[in-house]
Amino acid sequence: MEFISNCTADAIANAAKALIDGHLVAFPTETVYGLGADATNEKAVSRIYSVKGRPTNHPLIVHISSINKLEDWATDIPDYAIKLAREFWPGPMTLILPRKELAKDYITGGQNNVGLRVPAQPIALALLNKFEQLGGHGIAAPSANRFGAVSPTTAEAVDEEVGDYLGSEDLVLDGGQCLVGIESTIIDCTGLRPKVLRPGAITEEMIEQVVDKKVEITEGESEIKASGLLDSHYAPKAKIFLNSIAGPGEGFLALSNFQTPVGAIRLASPGSLEQYARDLYLALRSADQQGLNKVVVQSPEGTGLAEAIRDRLTKASVR
Ligand code: TXA
Ligand code: MG
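Since we're looking at a predicted model, the values are computed, not measured. (Residues numbered from 1 in each chain as written. Chains lettered and ligands numbered in written order. Predicted model: local features only at pLDDT ≥ 70, side-chain atom pairs only at ≥ 80, totals over all residues. Heavy atoms only, no water.)

Undergrad: For this particular structure, what's the right way to read the nonpolar core?
TA: Across soluble globular proteins, nonpolar side chains show a tendency to be buried alongside one another. With 50 residues, the main nonpolar core has L84, L95, L97, I107 and L116 as its most contacted residues. Those residues in contact with L116 that lie beyond four places of it in its chain are I61, V62, I64, L70, W73, A74, W89, M93, T94, L95 and L97. Formed by 26 residues, the second largest nonpolar core is a distinct cluster that contains V180, L255, A268 and A316. (Core = buried A, V, L, I, M, F, W, Y, C linked by side-chain atoms within 4.5 Å. Buried < 20%, exposed > 50% of the residue type's maximum accessible area, 1.4 Å probe, protein only. Contact = heavy atoms within 4.5 Å.)

If you want it as structure tokens, here you go:
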């Protein structure tokens, strides 16, 4: 694996070429790092599954450079989905839509729907544009972690997660720390109303303002398979305990207005919900790096981004 710390236009062009040639390229997005492959290359996509250790019936999100590419992959797109795409792309939102032929079973897990996203991170967008110039249609990319583990929000974390499983011609593009820090909001757009399958930085309130329809929220009951909807996910090795009291030698994570209990090891003191989301996975990683067995987390209260953070914390705490 080659680690690219200076993502010049040349480096990005090489990465796009590597994708066309069937190699894997891990790249930054504004949410988390993705492990990318040419979404029309079955062999390359199958390597994503083996590198991640992920069950093969779990669908992958296809990343595209703009809303103009939507109809390459999706059909019967409802008006509300177009409104959402216009408003929030490029950005931390994935739309699930009825698939076209380009979205094969090895992308959708055999479902008739495909997940699509236009990321906002400049390196990701440059990579997508270059890849499409070379004839590519979309980059399939799950979070670049081993199955069930914490998503990487830095290139070092990508290396830690999957570095040992990548081949000599695969690449990791370093774009620094991801700004949002938790995965995109996933919205099922196959029904009359949008349904949030995974909460994220595009919140229910933001969606309702754009679509004039009540948004449904599913609590992992959807027939649609989404690995992020499994009860246990995003989990570090340390055990996570929510809203209890941290003892000496135990990890502690909370908003900055919470004092660190005596003897506890503070993992992060985010001053806002945005900062909480951004630093969450790094804080969980640092617990593992410090060899902590137990981490107590004060989950944030309220709606919006707080809900998305609680969703990840709840799943990280189940085992
Ligand atoms: O922010 C993100 O979404 C990141 C970055 C890299 O874009 N990607 C990401 O991918 O989180 P992944 O595979 O780790 O999580 C995507 C979730 C999975 O739970 C998957 O099952 C679900 O989206 N998903 C993908 N395609 C789907 C589809 N057609 N129908 C239902 N769920 C789908
Ligand atoms: Mg993931």
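Undergrad: Would you mind showing me how to read helix α4 (residues 79-88) here?
TA: Owing to its 3.6 residues per turn, the α-helix aligns residues three or four sequence positions apart on the same side. Every buried residue of α4 is accounted for by Y80, A81, L84, A85 and F88. Angularly, the buried residues of α4 cover 140° about the axis, an arc narrow enough to put them on a single face. Opposite the packed face of α4, turned more than 90 degrees from it, sit the exposed residues D79, R86 and E87. On the buried face of α4, the contacting elements are β5 (93-98), β9 (185-188) and α8 (204-211). (Helix = DSSP H or I, 4+ residues; strand = E, 2+ residues; numbered from the N terminus. Arc of directions from axis to C-beta.)

Undergrad: Help me out: how do you make sense of the pairing of strand β3 (residues 34-38) in this one?
TA: On any regular strand, side chains alternate: one points to one face of the sheet, the next to the other face. Burial of β3 is extensive: five of the five residues sit out of reach of the surface. Side chains G34, G36 and D38 of β3 all project onto a buried face; the interleaved residues L35 and A37 project onto the opposite face, where all are buried too. Bridge analysis of β3 against strand β7 (residues 139-140) gives two bridges, and the strand direction is antiparallel. What sits directly across from A37, in β7, is A140. (Pairing = 2+ DSSP bridges.)

Undergrad: What exactly am I supposed to notice about the pattern of salt bridges here?
TA: Two side chains bearing opposite charge may form a pair once their charged atoms approach each other closely. Using the criterion set out here, one finds eleven salt bridges in the structure. The partner of R193 in a salt bridge is E216, and the shortest N-O contact between them spans 3.5 Å. Of this pair, R193 sits in the loop between β9 and β10 (195-198) while E216 sits in strand β11 (residues 216-217), and the two are 23 residues apart along the sequence. On the accessibility criterion, E216 (33% relative accessible area) is partly exposed. Salt-bridge contacts for E250 lead to K294; the nearest nitrogen and oxygen are separated by 3.6 Å. Separated by 44 residues along the polypeptide, E250 in the loop between β12 (239-242) and β13 (251-253) and K294 in strand β15 (residues 294-297) bring together distant segments of the chain. (Salt bridge = Lys/Arg side-chain N within 4 Å of Asp/Glu carboxyl O.)

Undergrad: What should I look at first to understand the packing of helix α9 (residues 273-289) against helix α10 (residues 305-317) in this one?
TA: As a packed pair, α9 and α10 sit with axes 9 Å apart at the nearest point and diverge in direction by 25°. In terms of axis orientation, α9 runs roughly parallel to α10. The handedness of the crossing between α9 and α10 is left-handed. Of the residues in α10, those in contact with L273, E274, Y276, A277, L280 and Y281 of α9 are L305, A306, I309, R312 and L313. (Axes fitted to C-alpha atoms, helices over the stretch in contact; angles between N-to-C directions. Parallel < 35°, antiparallel > 145°, perpendicular 65-115°, else oblique. Left-handed = near helix turned anticlockwise from the far one by under 90°.)

Undergrad: Is there a simple way to think about the environment of L166 in this case?
TA: With respect to the secondary-structure elements, L166 resides in the loop between α7 (155-162) and β8 (171-173). L166 gets classed as buried once you look at its relative accessible area, which sits at 11%. Along the primary structure L166 and S256 are separated by 90 residues, whereas in three dimensions their C-alpha atoms are 38 Å apart. The contacts of L166, once residues within four sequence positions are left out, are M1, L24, L35, R47, V51 and V172.

Undergrad: Before we go on, may I ask you to explain α8 in this structure?
TA: Regarding α8, the residues found buried are I207, V210 and V211. Along the axis of α8, the buried residues cluster in a sector spanning 85°; they form a single face. D212 sits one or two residues past α8 and shows a positive phi near 55°.

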